[in-house]
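# Per-entry structural report
The residues making up each chain are set out below.
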Amino acid sequence: MAFTKVATVQEIPVGRGKAVQAKGKQLALFNVGGTFYAIDDSCPHRGAPLSQGQVAGSEVVCPWHSARFDLKTGAFLSPPARSGVACYPVQVVGDEVQVDV
Ligand code: FES
């Protein structure tokens, strides 16, 4: 395990996402009721930035064609996406949000 700081807690309000980078990967980081989740920031359908999607509960809706993904697992929940995205462990240390990529 090698967690890397990607943001501070204050940067991401509850119910919002943010594009961050860790070790050369573009990730989408989300705050769901104070718990943070990290997935790949590229929709497997046509590559939309999922960090700009609407958060609904613990799901994110793709901003381009509305595929839904589970933020806890990266699994896809509705088409047009036909596969999920990678999901990464997140920990909060002090006010740092850290991701293990
Ligand atoms: S790019 Fe995400 S559903 Fe099409």
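Residues numbered from 1 in each chain as written. Predicted model: local features only at pLDDT ≥ 70, side-chain atom pairs only at ≥ 80, totals over all residues.

## A short note on the pairing of strand β2 (residues 17-22)
- Examined bridge by bridge, β2 and strand β3 (residues 25-32) share six bridges and lie antiparallel to one another. Directly across from Ala22, in β3, lies its bridge partner Lys25.
- Counting the residues in the hairpin turn of β2 and β3 gives two residues, including Lys23, whose phi is positive at 50 degrees. (Pairing = 2+ DSSP bridges. Helix = DSSP H or I, 4+ residues; strand = E, 2+ residues; numbered from the N terminus.)

## A word on the sheet that holds strand β10 (residues 90-93)
- With antiparallel pairing, the three strands of this open sheet are ordered in space as β1-β11-β10. The sheet is open, and its two edges are formed by β1 (3-8) and β10, each paired on a single side. For this sheet the average axis-to-axis angle between neighbouring strands, irrespective of direction, equals 35 degrees. (Axes fitted to C-alpha atoms, helices over the stretch in contact; angles between N-to-C directions.)

## Observations concerning the sheet that holds strand β6 (residues 59-61)
- The four strands are arranged β5-β6-β7-β8 in an open sheet whose pairing can be described as antiparallel. With one partner strand each, in any of the chains shown, β5 (54-56) and β8 (76-78) form the two edges of the open sheet. Taken pair by pair, the neighbouring strands of this sheet meet at an average axis angle of 30 degrees, ignoring direction.
- In terms of strand pairing, β6 meets strand β7 (residues 68-70) through three bridges, oriented antiparallel. Across the sheet, residue Glu59 finds its bridge partner in β7, namely Asp70.

Read these as layout, nothing more, since geometry by itself doesn't imply function.
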